[in-house]
Amino acid sequence: MMRIPFSYIWRSLWARRLTTALTIGGVALVVFVFAGVLMLARGLEATLVETGSPDNVIVLRRSATSELSSQVDRATADVLEAENGVARGADGRALLSREVVLVIDLYKKKSNALGNVSIRGVSQRALELRPGVHIVGGRPFQFGTHEIVVGKSIASQFKGVTLGSQLSFGGDRWTVVGIADAGGTGFDSEIWGDADQFMQAFGRPVYSSLTFRVADPGQFDQLKARLQADPRMQYVEIKHERDYYREQSQTLAKFIRILGLMVTTIFSFGAMIGAMITMYAAVANRTVEVGTLRALGFRRRSVLGAFLVESVMLALVGGGLGVALAALLSFERISVINFQSFSEIGFGFALSPGVIVSALIFAVVMGVVGGFLPAARAARLDIVSALRAS
Amino acid sequence: MKLLRLVFKNLSRHRLRTALTMLGIATAVMAFGLIRTIVGAWNAGVTGASANRMITRHRVSLIFPLPLPYRQEIARVPGVTAVSWGNWFGGVYGDPNDFKNFWARFSVDSTYFDLYPEFQVPPDQLAAFKKERDACIIGRKLAQQHGFKLGDVITMEGDIFPGRWQWVVRGIYTGRDPSTDETQMFFHYDYLYEQVKAREPGRPVDAGWYVLRVGSPDAMARVAATVDSMFVNSRAPTKTESEREFQQSFVQMSSAIITSLQVVSVVIIGIILLVLANTIVMSVRERTREYAVLKTLGFSGRHLVTLVFGEALVISLTGGVVGLLLTFPIVQGFAKALPTFFPVINVAPLTVALGIGAALLAGLAAAAVPANRVVRMPIVVGLRTVG
């Protein structure tokens, strides 16, 4: 079977530059929005899931949906500290951090509106447990003092949060002595200080959660079973830190997806119609040409193929352009409330190979669907009447 | 009038193309309407806020409670005519990953409904609610979504207040205004207090926030200043603001999503424009010779411009109207897909106007360049064109 040369397809697109450009533009806009939505949902999940370390385990009150609604008392922390399955540091003490998580309001730089910020009181081992968190400005806070370290997202998004500045909450003033870089994870959107100081200031007698490292990650299930059989641990729930943070991202990510995909589905319909109009016009304008091609011996299938390829090319160029536009979004960071933790989480648009591939597949599908009917019409043309068309 | 007939004749030359273009525009206008409606739904709390209510909450964050004795002190402030309070309960009902199972649950003081006349509870139901400690009142929409009836028992797992909780539905309220949230659930603060005292002795149960009714909206600034200054040096300093500002701060939390939705709605207008411009450019190019012939026959530039614009506007406005008609069912579908996330979702008249406006604007913009080209084109060049 003879195939219609690619150069023919290319030239026919070029001959109708303006129409081609308009169609490509339409597809590009749709793919831009589609990719943007996927990048946003991925960015959010990446931010929260990466927040957890694979070997860390978090202990929350049973059926607590987040650290904010969880309460764990000192007795439970003491039991765990003595437990064999908990990893020990060089000094032989348990790698366990007793933490308290609260929310305070700070003014945002951009909108001057109040935003909710998580504050996390931690104990001595916290930094050892989260090797991804580094102090990039200033120094770590000292335990037993009113010193705090702020995540870099907080420092960049909220007003009056700089090294040496003072924040007031819990009836006291707290000095910012350091800025932490948590590598784009959820900790970048938190303020850290001494758990005991926070609890005293807010008059809170219990912790929110306990985080510890397991001595042997392979033994997690046994450890969990043993702890859950312990009557002193009846009211708590033990899970991998990663699983906890994945759950935290679910509602918001699902919401972004449903909203975004619903909008892009409607959009893509519009873009397919755009491609269809262009291709129908292309077929109508080239009736004589198609007749000639058929007379020369090209088969119906080749004609169908040629018009389909033309449409898919339009869509692919548009898709590429849309992805390129969307790639510019990766420089943008947004901060949005995560209702599960009732505090703002800063995250970016994350471009991943998966997103690029999905966006391009999406574009090709639009091209095929939009181009199929016109291409079929071209293929069905009767040679004699096509040649006679004016 | 003759020209209008010519416009329709032109439109019917490529019926499929005309229909497809209208459909494309209809789709885009529908998406535009949907997005505007969603943004509107986000703001429903602000729109529904009463002009004579204020909210007093903990200065540091809403998550911190306020002591109960504040109530008497706030009630004494001149300008305040009534005070009530509420508390966020949270809780997990059924599968937490199903959006349907999330709705606002508050424990409130029995005076709460006096301050919220827009929650209309039949008097006998309200009386029954007040008589029973474990009674609750739910919104009409919530009752509909879950099939809750009067006398049904609602059971859920507590998170902020652990344990198993049960309430009997004794009242179903309806909203007075279209902007009233009909998906909330209220139960007695006293019940919460009792239960927590029994389950976790020693745990304080305070008020989450106070609702203040003021005599006139002008008194708000003074009331806010007075209330906040009373507690400034206490363990729980307050922040008092109008209900509108309070709701606004919730909307602000998601401002990034709203901004991106607004960007998307502008992108949609771009798409309408591209689809329409494509069709018009095509039609005009195909008819270059005809236009030249019309010119030789004595039709002026104005006639030709009317032809091109007429064609664009008929397509865009038809598409726009169809799109708006489609907006209503799609909004319904969306409300079904994400129930309770947007308690109040209505297509606003302004959205309808803007949708038509966007179609009109796109029609004008799409016709401008081709019309200009037709007018400027010398007759000879036009006649010589090969289509």
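Just so we're clear, the structure is a prediction, and the values are computed from it rather than from any experiment.

### Considerations on the overall build of chain B
Here is step 1 of the chain: From N to C terminus, chain B includes 15 helices and 10 strands.
Here is step 2 of the chain: Relative to the compact-globule value of 21 Å for 387 residues, chain B shows a C-alpha radius of gyration of 30 Å, a clear excess of over 25%.
Here is step 3 of the chain: In terms of its C-alpha atoms, chain B occupies a principal-axis envelope of roughly 95 × 45 × 35 Å.
Here is step 4 of the chain: A burial count over chain B gives 43% of its 387 residues as buried.
Here is step 5 of the chain: Sequence separation of at least 24 residues holds for 83% of the intrachain contacts in chain B that already meet a minimum separation of 6.

### Remarks on the overall build of chain A
Here is step 1 of the chain: Looking only at helices and strands, one finds 12 helices and 12 strands in chain A.
Here is step 2 of the chain: For chain A, whose C-alpha radius of gyration is 29 Å, the value lies well above the compact-globule estimate of 21 Å for 390 residues.
Here is step 3 of the chain: Principal axes of the C-alpha set define a box for chain A whose edges measure 95 × 50 × 30 Å.
Here is step 4 of the chain: Each of the 390 residues in chain A was classed as buried or not, and the buried ones make up 51%.
Here is step 5 of the chain: A fraction of 83% describes how many contacts in chain A between residues 6 or more apart in sequence connect residues 24 or more apart.

### Re the domain arrangement of chain A
A common way to express how large an interface is: the accessible area buried when the components associate.
All names here are of chain A.
Here is step 1 of the chain: According to the domain assignment, chain A contains domain 1 (6-49 + 248-388) and domain 2 (63-234).
Here is step 2 of the chain: Contacts between the two partners involve 12 residues from domain 1, matched on the other side by 15 residues from domain 2.
Here is step 3 of the chain: Of all the elements in the fold, those that place two or more residues in the side of domain 1 that touches domain 2 are α2 (17-51), β11 (333-338) and β12 (343-348).
Here is step 4 of the chain: The element that contributes the greatest number of residues to the side of domain 1 that touches domain 2 is β12, accounting for 4 residues.
Here is step 5 of the chain: A per-class count over the side of domain 1 that touches domain 2 returns 4 nonpolar, 7 polar and 1 charged.

### What about the interface of chain B and chain A?
Here is step 1 of the chain: Contacts between the two partners involve 45 residues from chain B, matched on the other side by 48 residues from chain A.
Here is step 2 of the chain: Those elements that provide at least two residues to the side of chain B that touches chain A are α2 (15-42), α10 (243-253), α11 (255-286) and α13 (301-337) of chain B.

### Some details on the packing of helix α10 (residues 300-328) of chain A against helix α11 (residues 353-380) of chain A
All names here are of chain A.
Here is step 1 of the chain: With their axes 7 Å apart at the nearest point, α10 and α11 run at an angle of 150° to one another. One element, α10, and the other, α11, form an angle in the roughly antiparallel class. Seen from above, α10 lies across α11 with right-handed handedness.
Here is step 2 of the chain: Here the contact of α10 with α11 is built from residues that sort into 22 nonpolar, 7 polar and 2 charged.

### What to know about the pairing of β12 of chain A
Residues and elements named next belong to chain A.
Here is step 1 of the chain: Counting buried residues in β12 gives 5 out of 6 residues, a clear majority hidden from the surface.
Here is step 2 of the chain: Sheet topology places β11 next to β12; 6 bridges connect them, and they run antiparallel. Across the sheet, Ile337 pairs through a bridge with Glu344, a residue of β12.
Here is step 3 of the chain: Connecting the antiparallel pair β11 and β12 is a turn made up of 4 residues, with Phe342 showing a positive phi of about 55°.

### Here we look at α11 of chain A
Residues and elements named next belong to chain A.
Here is step 1 of the chain: Spanning 28 residues, α11 covers 39 Å between terminal C-alpha atoms, matching the ideal 40 Å at 1.5 Å per step.
Here is step 2 of the chain: At Phe372, α11 shows its largest bend, some 40°, and a proline, Pro374, comes one to four positions later.
Here is step 3 of the chain: Of all the positions in α11, only Val355, Ala359, Phe362, Ala363, Met366, Gly367, Gly370, Gly371, Pro374, Ala375, Ala378 and Ala379 are classed as buried.

### Focus on the environment of Val314 of chain B
Residues and elements named next belong to chain B.
Here is step 1 of the chain: Residue position: Val314 is located in helix α13.
Here is step 2 of the chain: The partly exposed category is assigned to Val314, around which 18 C-beta atoms lie within 10 Å.
Here is step 3 of the chain: Remark: the alpha-carbon pair of Val314 and Leu11, spanning 303 residues in sequence, is separated by 8.8 Å.
Here is step 4 of the chain: Residues in contact with Val314, not counting those within four places in the same chain, are Val7 and Leu11.

### Regarding the packing of α2 of chain B against α13 of chain B
All names here are of chain B.
Here is step 1 of the chain: The contact between α2 and α13 brings their axes to 6 Å, and the two run at 45°. In terms of their interaxial angle, α2 and α13 are classed as oblique. Judged by the twist between their axes, the crossing of α2 over α13 is right-handed.
Here is step 2 of the chain: Here the contact of α2 with α13 is built from residues that sort into 14 nonpolar, 11 polar and no charged.

### Considering the confidence of the model for chain B
Any region with low pLDDT has predicted coordinates that should not be read closely.
Residues and elements named next belong to chain B.
Here is step 1 of the chain: Per-residue confidence for chain B gives a mean pLDDT of 87, with 98% of residues at or over 70.
Here is step 2 of the chain: Within chain B, strand β8 (residues 185-188) carries the highest mean pLDDT (95), whereas helix α3 (residues 44-48) carries the lowest (79).
Here is step 3 of the chain: Predicted as a complex, the structure gets a pTM of 0.77 and an ipTM equal to 0.72.

### Quick word on the confidence of the model for chain A
Here is step 1 of the chain: For chain A, the average pLDDT comes to 87, and 99% of its residues sit at 70 or higher.
Here is step 2 of the chain: Within chain A, β11 of chain A has the poorest average pLDDT of any element, 78, and strand β5 (residues 147-151) of chain A the best, 95.

### Some words on the pairing of strand β8 (residues 190-194) of chain A
Residue and element names in this part refer to chain A.
Here is step 1 of the chain: Burial of β8 is extensive: 5 of the 5 residues sit out of reach of the surface.
Here is step 2 of the chain: Bridge count for strand β3 (residues 114-122) against β8 is 5 bridges, and the pairing is parallel. The residue of β8 that forms the bridge with Arg120 is Trp192.

### Looking at the environment of Gln72 of chain B
Here is step 1 of the chain: Here Gln72 of chain B shows up in helix α4 (residues 70-75).
Here is step 2 of the chain: A C-alpha to C-alpha distance of 8.5 Å links Gln72 of chain B and Val83 of chain B, two positions 11 residues apart in sequence.

### Quick word on the environment of Gly171 of chain A
Here is step 1 of the chain: Here Gly171 of chain A is to be found in the loop between β6 (166-169) and β7 (172-181).
Here is step 2 of the chain: When the C-alpha positions of Gly171 of chain A and Ala82 of chain A are compared, they lie 35 Å apart, and in sequence the two are 89 residues distant.
Here is step 3 of the chain: Here Gly171 of chain A is in contact with Ala201 of chain A together with Arg235 of chain B, once residues within four sequence places are set aside.

What counts, and at which threshold
- Residues numbered from 1 in each chain as written.
- Chains lettered and ligands numbered in written order.
- Predicted model: local features only at pLDDT ≥ 70, side-chain atom pairs only at ≥ 80, totals over all residues.
- Helix = DSSP H or I, 4+ residues; strand = E, 2+ residues; numbered from the N terminus.
- Rg over C-alpha atoms; globule rule 2.2 N^0.38 Å.
- Buried ≥ 20, exposed ≤ 12 C-beta atoms within 10 Å, placed from the backbone.
- Contact = placed C-beta atoms within 7 Å.
- Domains from an automatic or database assignment.
- Nonpolar A, V, L, I, M, F, W, Y, C, P; charged D, E, K, R; others polar.
- Axes fitted to C-alpha atoms, helices over the stretch in contact; angles between N-to-C directions.
- Parallel < 35°, antiparallel > 145°, perpendicular 65-115°, else oblique.
- Left-handed = near helix turned anticlockwise from the far one by under 90°.
- Pairing = 2+ DSSP bridges.
- Expected span 1.5 Å × (residues − 1).
- Bend = angle between axes of the 7 residues up to and from the residue.
- pLDDT = per-residue confidence, 0-100.

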